[in-house]
Amino acid sequence: TGESVTMLGIGGQHFRWLPDDQLEQAVEIAIGGGVRFFDTANAYGKDQLSERLYGKYLTPKYRDEIFLMTKTSTKDAKVAQEHLELSLKNMKTDVLDLWQVHNVTSVEDAHRRWKDGIVDVFIKAQQEGKVRMIGFTGHHDYRAHLEMLKLFKERGVKLQTVQMPINVVDSSYDSFIREVIPVAQKMGVGLLGMKSMCGGRLFGGFGEGWGEHGKVAAEPIVPDLLRFRDATDYVWSLPISTRIAGFDNVDQLQQHIDAAKHLRKLTPEQQESILTTAAQRSGPVMEFYKKDTLA
């Protein structure tokens, strides 16, 4: 697209989970650390809490310096328009840098978002100048992403971004990296990486705990098999525009910033070694958010 963004982005889902006394501090640490990409969604928290927190702590001071993105997962075109107006109001801005169709779950869902007029609302919002760019996201099935990309291409609608899970275990199980990245690159679509720590599962335990395998504990990959920076450096070695990171506190946020500042350029051999090691624990328990297409 020609747009420049920072290699590290802030995950809005996690931002609204921070203790109240760390919210303003987190914004200042992120900005001071060089982060300028801020992700959120209408669905993050009761009454769009994450968006409203951005509107309180982020945009009044830094709107002109940041790339601001939000999303809507609604299946109703009228509600999508309402969500857009709410997002603009919540975050105290006249225009979004990026608005995304949120959480496309299947091939059928991709068709439904077009059939029910959701994408038309996005196109209209871009034409009216309320959003600069449009994209879509999803966690569950790379086939949904491929279908959505195909539909944009067939309809001749320019798509700016696609957001998806990108991490050290993805390539071994229903892989977005292997299946979606080449297609998106060929279309000139910007790649946004999320779930780089599998929602916390790389550290073991239950992570965010949703999905079919959300209640099954995963064995840790970090630090038992790989270092934290092996996981982050691998994601950044791929052709993504930004890695959107979650964190539970400001110390974890600083860890992400430090990893970005000390990025290693991995050789193909190092990449393969990291993937081989991580593959020992890949699958639906580690990536609990993916649909288990083999079940």
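Everything that follows concerns the structure shown earlier in this document.
Here's a quick rundown of the structure. (Residues numbered from 1 in each chain as written. Predicted model: local features only at pLDDT ≥ 70, side-chain atom pairs only at ≥ 80, totals over all residues. Heavy atoms only, no water.)

A word on the pairing of strand S6 (residues 161–165). With respect to burial, S6 is a largely interior element, five of its five residues being buried. Inspection of the sheet shows strand S5 (residues 134–137) paired to S6 by three bridges, in the parallel sense. Within S6, the position partnered with Thr-137 by the bridge is Gln-163. Handedness of the crossover joining S5 and S6 through helix H8 (residues 142–154) is recorded here as right-handed. Relative to strand S7 (residues 190–194), S6 runs parallel, the two sharing five bridges. Of the residues in S7, the one forming a bridge with Gln-163 is Leu-192. (Buried < 20%, exposed > 50% of the residue type's maximum accessible area, 1.4 Å probe, protein only. Helix = DSSP H or I, 4+ residues; strand = E, 2+ residues; numbered from the N terminus. Pairing = 2+ DSSP bridges. Right-handed = clockwise from strand over helix to strand, strands pointing away.)

Following both chains from N to C, one finds helix H6 (residues 107–115) and H8 inclined at 35 degrees, their axes separated by 7 Å at the closest point. Remark: the crossing between H6 and H8 carries right-handed chirality. Only Arg-143, Ala-144, Glu-147, Met-148, Leu-151 and Phe-152 of H8 make contact with H6, whose side of the interface consists of Val-107, Ala-110, His-111, Arg-113 and Trp-114. Partitioning the contact of H6 with H8 into residue classes produces seven nonpolar, one polar and three charged. (Axes fitted to C-alpha atoms, helices over the stretch in contact; angles between N-to-C directions. Left-handed = near helix turned anticlockwise from the far one by under 90°. Contact = heavy atoms within 4.5 Å. Nonpolar A, V, L, I, M, F, W, Y, C, P; charged D, E, K, R; others polar.)

With that settled, the discussion passes to the sheet that holds S5. With respect to topology, eight strands assemble into a closed barrel ordered S1-S2-S3-S4-S5-S6-S7-S8, the strand pairing being parallel. Neighbour to neighbour, the strand axes of the sheet diverge by 30 degrees on average, direction disregarded. Pairing between strand S4 (residues 98–101) and S5: three bridges, direction parallel. Counterpart to Val-101 in the pairing with S5 is Phe-136. H8 contacts S4, S5 and S6 of the sheet and is inclined by roughly 160 degrees relative to S5.

We now examine the packing of aromatic side chains. Two aromatic rings, taken as a pair, are described by how far apart their centres are and by the angle between their planes. Tallying each qualifying case throughout the model produces eight aromatic pairs. Note on Trp-99 and Phe-122: the rings are 3.7 Å apart at their centroids and 15 degrees apart in plane angle, and the pair reads as stacked. Here Trp-99, found in strand S4, pairs with Phe-122, found in helix H7 (residues 118–127); they are 23 residues apart in sequence, far enough to count as distant. This pair shows no difference in class: Trp-99 is buried, exactly as Phe-122 is. For the pair Trp-114 and Phe-152, a centre-to-centre distance of 4.9 Å together with 75 degrees between the ring planes defines the contact as edge-to-face. In this pair, Trp-114 is assigned in helix H6 and Phe-152 in helix H8, connecting sequence segments 38 residues apart. The pair Trp-114 / Phe-152 is uniform in exposure class, with both members buried. Of the aromatic side chains, those joined through ring pairs into one cluster are Phe-15, Phe-38 and Tyr-54. Above the face of the Trp-114 ring, Arg-155 is positioned so that its terminal group lies 4.9 Å from the ring centre. Positioned above the aromatic ring of Tyr-289, the side-chain terminus of Lys-195 is 5.6 Å from the ring centre. (Phe/Tyr/Trp six-rings, centres within 6.5 Å; stacked < 30°, edge-to-face > 60°. Lys NZ or Arg CZ within 6 Å of the ring centre and 35° of its normal.)

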